[in-house]
Amino acid sequence: MSSPATAAPPPASLKRIVAASLIGTTIEWYDFFLYGSAAALVFNQLFFPDSDPLVGTLLSFLTYAVGFAARPLGALVFGHYGDRLGRKKLLVLSLLLMGGATFAIGLLPTHATIGTAAPVLLTVLRLVQGFALGGEWGGAVLLVSEHGDARRRGFWASWPQTGAPAGQLLATGVLSLLTAVLSDSAFNSWGWRIPFLLSGVLVIVGLWIRLSVDESPVFKQALAQAEARKATHTAEAEKLPLVAVLKHHWRDVLVAMGARMAENISYYVITAFILVYATTSAGVSKQTALNAVLIASAVHFAVIPAWGALSDRVGRRPVYLLGAVGVGLWMFPFFALIDTGGFGNLLLAVTVGLVMHGAMYAPQAAFFSEMFSTRMRYSGASIGAQFASVAAGAPAPLIATALLADYGSSTPIALYVIAAAVLTVVAVGVAKETRHRDLSDIEPSADAPPATAPAADARTV
């Protein structure tokens, strides 16, 4: 009899699950990226008006980075309860937290109204955003990975990953539209609030869809086996998921963290810092920079499933390595094209960068899911992904802006991304290929042979 990991669910059911994960992650990333774009464009003026413009941008990006600091805590809490209670319940909670915080930012008084309390409240809401996103990613990709056909897991699991460019597309699109139809004074006065308030509507839609899907069958099977062992008193006391991850999968956690370095850093340099660099160093208008990111994000969305499908054919590692090497090689041409000031060159720079990023991001969902056993998979995938974000994505725009302020050149920024690419190549290079692993049979030991342990063995869950 086929296990849940290998038997494909009905097409309509799988598509509904993919849609629920995609829409949920799109909304979560819309909220998260909207903050990043607003931090680059207006938050320096609204919440840090007494600072030099570039210093104000640094302070604005500092509050942006705070959201990343909360993501590991979200990964720990959501991972723990997601491995104990199920993926679906925690995904609903993460969506409510993220949407509520984003909506509240849209209502927040600025520095001109309440003084220093404004940036403090902004930082608190950013922490809530980060906490929610730290729990969202792991659950969303696992829900699809554990439902999907093992032969096409890379393809199906890449769809929740398209939530990132879709969220970026939506956030940038709304901001681009508003900056096009509103004057600078109107946008800075009230227009910037509209995208944040729009999140309330999106969350209602996301909840309606997310509540309609069922729990992962692989998780149900693992939970039933664990309960059966408890009933017969044949199993040892079940360890906390975090303890089990650190005991059995610590190498996989380190690989996941290393794999995230180039992917995370390059993404925020290409999509968030670019709004600062293009407007201050290359003399490009806000509208032009936003339009370039907007179009490139649409291409990014389209190529992620293609990269995911390729990882089903050739493996997760080759596709991931191609992306890491590609991003590293592209950094100097990336900034050289932006420096020309032309829209076509700017669009080419961002698009190629995001296509290379997609080669890392697409197989990441299946790759990380396949590293961990079912009853610690939410914790393991989330910890590996989100702890890396503190060292990678969190400071990336901040470090890039500081390097630009100190050196007045893009060269140190390019070298920064290249160093991250080298680290990722090393991490993925020493990892084992996971493409053929069965999610219901994978051993908790990083060194154990995949897909060979009997399903009823206590170690398989």
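Overview of the structure. (Residues numbered from 1 in each chain as written. Predicted model: local features only at pLDDT ≥ 70, side-chain atom pairs only at ≥ 80, totals over all residues. Heavy atoms only, no water.)

Focus: the pattern of salt bridges
Inclusion rule: One side-chain nitrogen of Lys or Arg within 4 Å of one carboxyl oxygen of Asp or Glu is enough to make a salt bridge. Each helix is a run of H or I in the DSSP string that is no shorter than four residues. Each strand is a run of E no shorter than two, and both are numbered from the N terminus. Three labels apply to residues, based on accessible area from a 1.4 Å probe with only protein chains included: buried if under 20% of the type maximum, exposed if over 50%, partly exposed otherwise in between.
The final tally for this structure, using the stated rule, is four salt bridges. Across the salt bridge formed by Glu263 and Arg260, the nearest N and O atoms sit 2.8 Å from each other. Of the two residues, Glu263 and Arg260 are both situated in helix 13 (residues 250–280); the distance of three residues between them amounts to about one turn of the helix. Both residues of the pair, Glu263 and Arg260, count as buried. Beyond isolated ion pairs, a larger network of salt bridges with shared partners links Arg153, Asp312, Arg316 and Glu370.

Let's talk about a nonpolar patch on the surface
This is how the line gets drawn: Each patch is built from residues lacking any salt bridge and having more than 30% relative accessible area; the joining distance is 9 Å for like charges and 5 Å for nonpolar side chains (Val, Leu, Ile, Met, Phe, Trp, Tyr). Accessibility throughout is a Shrake-Rupley quantity obtained with a 1.4 Å probe, and a residue counts as covered only by protein chains that appear here.
Taken together, the side chains of Leu198, Val201 and Val205 make up a nonpolar region of the molecular surface, amounting to roughly 220 Å² of accessible area. Mapped onto the secondary structure, Val205 falls in helix 10 (residues 193–210). Judged by its relative accessible area of 41%, Val205 falls in the partly exposed class.

Considerations on the packing of aromatic side chains
The condition is simple: To pair, rings of Phe, Tyr and Trp, with the six-membered ring standing in for Trp, must have centres within 6.5 Å; the planes then decide the type, stacked if under 30 degrees apart, edge-to-face if over 60, and tilted in the middle. By definition here, charges over rings are those cases where NZ of Lys or CZ of Arg is within 6 Å of the ring centre and within 35 degrees of the ring normal.
Considering all chains together, one arrives at 16 aromatic pairs under this definition. The interplanar angle of 80 degrees and the centroid separation of 5.0 Å between the aromatic rings of Phe334 and Phe335 together place this pair among those described as edge-to-face. Overall, Phe334 belongs to the buried group, its relative accessible area being 0%. Overall, Phe335 belongs to the buried group, its relative accessible area being 2%. One Lys or Arg, Arg126, reaches over the ring of Tyr35 and ends 4.3 Å from the middle of that ring.

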